[in-house]
Amino acid sequence: MQTQVHYLALIYLTLSSLSISPASANPWLLPQGTVVVSGRYDYAYASKEYLADDGTLNDYSLKGEYQASTYTLGARIGVSEHFELEVTLPLKAVSYKADPLILLPSEESGEAAFDYYQENIINFNQTTMGFGDLQVASRYRMSVYPIASSLEFKLIAPTGYRQPEGTFGSSPNDIDEFVSQVGQLAKPENISDDVTLGDGVFVFQPLIHLGFGTSSGFFTRLSVGLQLRNQGAGELFTSEFKLGQFVNKWLLLYGGAYMEKTVIPGRPIGVSVASVDPSLPATEYIGLKNLKPIIVSLDRDLLILPVGLLIRPMPTVDLTLSYSPIIWGRNVSKSHTVSIGVNIATELF
C-alpha cells in the first residue's frame with residue numbers, strides 16, 4: 001500500500017508539472033513551495049486553411065506556405081496547498097510566403113505599361129517577429145480524491161504587436177463596398193493580411209479542470225472554459241480532454257483533443273480574398289477573376305488532436321515531445337505543430 005501511495009504521488013507531481021502547450025493545465029496543483037520552470041519550442045507549418053466564412057478547407061493560393069516558430073518560457077509556483085500561480089511569455093517568428101501577382105492590368109503600352117507593372121506587383125510575403133501574448137493564471141484546488149478538481153482564472157494580454165486586419169486593411173469591411181473600390185484597394189501599399197503574433201485583444205478566461213489518476217499509471221482529465229475578449233472580438237468556448245498511461249516511472253504516453261468554438265460572434269476586421277481555384281498560377285488572377293471576397297473577424301473554430309510523450313530522466317526534470325495537428329476549423333490554418341519542451345522542478349520552501 002505504501003508503494004502505491006508513493007507511485008500516485010509521483011504521478012500527480014509529474015502531471016502537475018506537465019505543461020507542453022498553451023492549452024494545457026491541470027486539476028493537480030503543485031505542492032506548496034514547489035516551482036517548475038519550463039521552456040518549449042513549437043514549429044508550425046501549413047499549406048492549407050479553413051476559410052473564415054464557411055470553414056471550407058482550401059489550399060493556400062499562389063503556392064502559399066505558413067510557418068511559425070515559438071519559444072515559450074514559463075514558471076509555475078505552488079503558493080499554498082490550495083493555490084498556485086503561472087506565467088508564460090512566448091517569443092514568436094511568423095512568416096507567410098506566396099507567389100507575387102498583378103491583379104489589375106494596365107491600359108497603357110510601352111514604357112508606361114512597364115513602369116505600371118513594376119509599381120503594382122503585389123507581394124504577399126510577410127515575416128514578423130516579437131513577443132506574443134503574456135498569460136497569467138491562478139488556480140485554486142477544490143478536491144484531490146477521488147476526483148481531482150481545480151478552478152482557474154487566466155488573463156491573456158497582448159504585448160504591443162500589430163493587430164490582425166483583412167488582406168487590404170481594416171476598411172472597408174463590407175464585400176459590396178470592397179468590390180466597388182477594388183481598383184483603389186488592390187495595390188501593394190494596401191497589403192496588410194493577418195500575419196501577426198496573436199489576436200491583439202485582452203482575454204479573461206475562467207476554466208474548471210477535472211482529473212482522475214490511478215496507481216497503475218493511468219490518468220484522464222477534462223477542462224472547460226470560456227474566453228471573454230474585448231475590442232469587439234467574439235467569445236470562445238474552450239474544452240480539452242486528455243488521457244495517458246505511464247509505461248514505467250520515466251515514460252508517459254498520452255493523447256487528447258482540444259477545441260475552440262465561437263459562441264458569440266465578433267465584429268469584422270476587414271475583407272480577405274480566397275481563391276476559387278487555388279491551383280491556378282498568378283497569371284490567371286486578373287481583377288477579381290478567381291477570387292472570392294470574404295469578411296473576416298477574430299472569430300474561429302478549431303479542433304486539435306495532440307499526441308505526445310514525457311520522459312523523466314531525473315526526478316526533477318521532464319522532457320516532452322508532442323505533435324498537434326488541426327483537423328477541423330474555421331478561420332484558421334490547417335497547421336501541423338511539433339513541440340519540444342523541458343520542465344525543471346525545484347523546492348523553494
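Described below are features of the structure shown in this document. (Residues numbered from 1 in each chain as written. Predicted model: local features only at pLDDT ≥ 70, side-chain atom pairs only at ≥ 80, totals over all residues. Heavy atoms only, no water.)

As a further point, take the environment of Tyr-50. Along the chain, Tyr-50 turns up in strand S2 (residues 48–50). Of the residues examined, Tyr-50 reaches a relative accessible area of 5% and is grouped as buried. Among the polar contacts listed, one links the side chain of Tyr-50 to the backbone oxygen of Ile-327, at a separation of 2.9 Å. (Helix = DSSP H or I, 4+ residues; strand = E, 2+ residues; numbered from the N terminus. Buried < 20%, exposed > 50% of the residue type's maximum accessible area, 1.4 Å probe, protein only. Polar contact = N/O pair within 3.5 Å; in protein donor to acceptor, adjacent residues only side chain to side chain.)

Counting buried positions along strand S13 (residues 268–275) yields 7 of 8 residues, so the element is predominantly enclosed. The pairing of S13 with strand S14 (residues 291–297) spans 7 bridges and is classified as antiparallel. By the bridge assignment for S14, Pro-268 is matched with Ser-297. (Pairing = 2+ DSSP bridges.)

Let us now look at a nonpolar patch on the surface. There is a patch of nonpolar side chains on the surface, built from Val-87, Leu-134, Val-136, Tyr-140, Phe-153, Leu-155, Phe-202, Phe-204, Leu-226, Leu-228, Val-263 and Ile-264 and spanning about 950 Å² of accessible area. Of all the elements in the fold, those that place two or more residues in the nonpolar patch are strand S7 (134–143), strand S8 (148–157), strand S10 (218–229) and strand S12 (251–264). Ranked by residue count, the leading element in the nonpolar patch is S7, at 3 residues. Relative to the assigned elements, Phe-204 resides in strand S9 (residues 203–213). (Patch = residues over 30% accessible without salt bridge, like charges linked within 9 Å, V, L, I, M, F, W, Y side chains within 5 Å. Areas by Shrake-Rupley, 256 points an atom, 1.4 Å probe, with all protein chains shown as cover. Salt bridge = Lys/Arg side-chain N within 4 Å of Asp/Glu carboxyl O.)

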